[in-house]
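Chain residues, written in single-letter form:
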Amino acid sequence: MFTNDSQSTPSAKSKAIDQRLKAIAYSLDCLIPGFYCWLGPMRVRLGGSLPEAGYPGTIHSKAGVAIVLPGYRIYSTYQGEHDPR
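We now turn to the structure provided with this report.

## Looking at the overall build of the protein chain
No. 1: Per the secondary structure count, the protein chain includes one helix and four strands.
No. 2: The linear arrangement of helices and strands in the protein chain, starting from the amino end, is α-β-β-β-β.
No. 3: Counting across all 85 residues of the protein chain, residues that qualify as buried make up 26%.
No. 4: Sequence separation of 24 or more characterises 51% of the internal contacts of the protein chain that already satisfy a separation of 6 or more.
No. 5: Approximately 6,000 Å² of the protein chain is accessible, and the part contributed by carbon and sulfur atoms is 59%.

Here is the structure:
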C-alpha cells in the first residue's frame with residue numbers, strides 16, 4: 001500500500017514548532033549568544049544552537065523575547081523554567 005507522506009499533518013507541524021522552541025530553550029540554557037523571539041506559532045532564532053539529542057527542556061510561555069550577549073549577559077522577558085512539565 002502506498003501513502004503520501006508529503007502532506008503535513010497538524011501533529012507534524014506542532015512537532016516542528018516544538019523543536020524550534022526547544023532550540024530556543026537550549027540556547028538560552030547554555031547562554032549561547034543570539035536574538036530569540038517567540039510569539040504563538042512564530043519562532044525566530046538568530047544565533048544560538050540546535051539542542052542536543054534528548055534535551056528535555058522547553059519554554060512555558062506563549063510569547064517572549066530574549067537577547068544573549070557575549071560575556072554571558074542575558075536580557076529576557078521570560079522568567080520561567082526550561083524544565084519539562
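## Some points on the side chain of Ser27
No. 1: The residue Ser27 is located in helix α1 (residues 10–29) in this model.
No. 2: The exposure class assigned to Ser27 is buried, which follows from its relative accessible area of 0%.

## Observations regarding unusual backbone geometry
No. 1: Notably, Leu31 is not glycine yet its phi reads approximately 55 degrees, a positive angle.
No. 2: Position of Leu31 among the secondary structure elements: in the loop between α1 and β1 (34–39).
No. 3: Exposure remark for Leu31: the relative accessible area of 25% places this residue in the partly exposed category.
No. 4: Of note, Tyr72 is a non-glycine position whose phi angle comes to about 60 degrees, a positive value.

## Looking at the nonpolar core
No. 1: With twelve residues, the main nonpolar core is built from Leu21, Ile24, Ala25, Tyr26, Leu28, Tyr36, Trp38, Tyr55, Ile59, Ala66, Val68 and Tyr78.
No. 2: Where this core is concerned, the elements lending two or more residues are α1, β1 and β3 (63–69).
No. 3: It is α1 that contributes the most residues to this core, five residues altogether.
No. 4: The residues touching Leu21, leaving out its near neighbours within four places in the chain, are Trp38, Arg43, Thr58 and Ile59.

Reading guide: rules and limits
Residues numbered from 1 in each chain as written. Predicted model: local features only at pLDDT ≥ 70, side-chain atom pairs only at ≥ 80, totals over all residues. Heavy atoms only, no water. Helix = DSSP H or I, 4+ residues; strand = E, 2+ residues; numbered from the N terminus. Buried < 20%, exposed > 50% of the residue type's maximum accessible area, 1.4 Å probe, protein only. Contact = heavy atoms within 4.5 Å. Areas by Shrake-Rupley, 256 points an atom, 1.4 Å probe, with all protein chains shown as cover. Core = buried A, V, L, I, M, F, W, Y, C linked by side-chain atoms within 4.5 Å.

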